[in-house]
Amino acid sequence: MEEKQELPEKQIGKKTGTINRTLLELLAGILFWGVVCQAVGVWMVKDKPGYSIGLWIGVLLALLAGTHMWWALDRFLGYAGDAAVKMITKHNIIRYVAIVVVMALVMVSGCANPLSAFLGLMGLKVAAYLQPFTHKICAKFYHEQFGTDG
């Protein structure tokens, strides 16, 4: 059984399981990516339903992957060095296997366009790059100064 490393008092409250602002901004960026790809891409393909279903499967995967990544990091970074690396690696593998399984099911079933599903999944990467911009928008929405993370 892994031993948890004692956290400084100011960090103990961070492990409450509540979604932090950075994750909210990441999820907003993923949804923004999905809306943009839907609005632009649906006019460029012949199989509009297949494109849309695939895109939103990918966006859902990106949302779940981002949330799982946050959960694993939030939960296991407080562990001692090697235990943290093992647990985070274990959850990275779980996340990647789940993504591969879902993408394989999309390809084998033919229920959606696998390329558009991949496009939706790439929303996780795009949202990571857009996070400084979504942070500014969220800060204005919440009437906060830039650079804060609630």
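Structural notes, computed from the coordinates.

Notes on the nonpolar core
L26, I30, I99 and L124 are the most contacted members of the largest nonpolar core, which totals 23 residues. Listed by contribution, the elements that provide at least two residues to this core are α2 (21-41), α3 (48-76), α4 (81-109), α5 (114-121) and α6 (123-141). The biggest single contributor to this core is α3, with eight residues. One finds A72, Y79, A83 and I88 within the second-largest nonpolar core, a separate group that totals seven residues.

So, the side chain of S52
Tracing the backbone through its elements, the reader meets S52 in helix α3. The class of S52 is buried, set by a relative accessible area of 17%. When neighbours within four sequence positions are excluded, S52 is seen to be in contact with Q38 and V42.

Let's talk about the packing of α3 against α4
For the pair α3 and α4, interaxial distance at closest approach is 10 Å and the crossing angle is 170 degrees. In terms of their interaxial angle, α3 and α4 are classed as roughly antiparallel. Taking contact as the criterion, the partners of I57, L61, A65, H68, M69, W71, A72, L73 and F76 in α3 are, on α4, A84, M87, I88, H91, R95, I99, V102, M103 and V106. For the contact of α3 with α4, the per-class residue count stands at 15 nonpolar, two polar and one charged.

Rules of the game
Residues numbered from 1 in each chain as written. Predicted model: local features only at pLDDT ≥ 70, side-chain atom pairs only at ≥ 80, totals over all residues. Heavy atoms only, no water. Core = buried A, V, L, I, M, F, W, Y, C linked by side-chain atoms within 4.5 Å. Buried < 20%, exposed > 50% of the residue type's maximum accessible area, 1.4 Å probe, protein only. Helix = DSSP H or I, 4+ residues; strand = E, 2+ residues; numbered from the N terminus. Contact = heavy atoms within 4.5 Å. Axes fitted to C-alpha atoms, helices over the stretch in contact; angles between N-to-C directions. Parallel < 35°, antiparallel > 145°, perpendicular 65-115°, else oblique. Nonpolar A, V, L, I, M, F, W, Y, C, P; charged D, E, K, R; others polar.

By themselves these figures say nothing about function.
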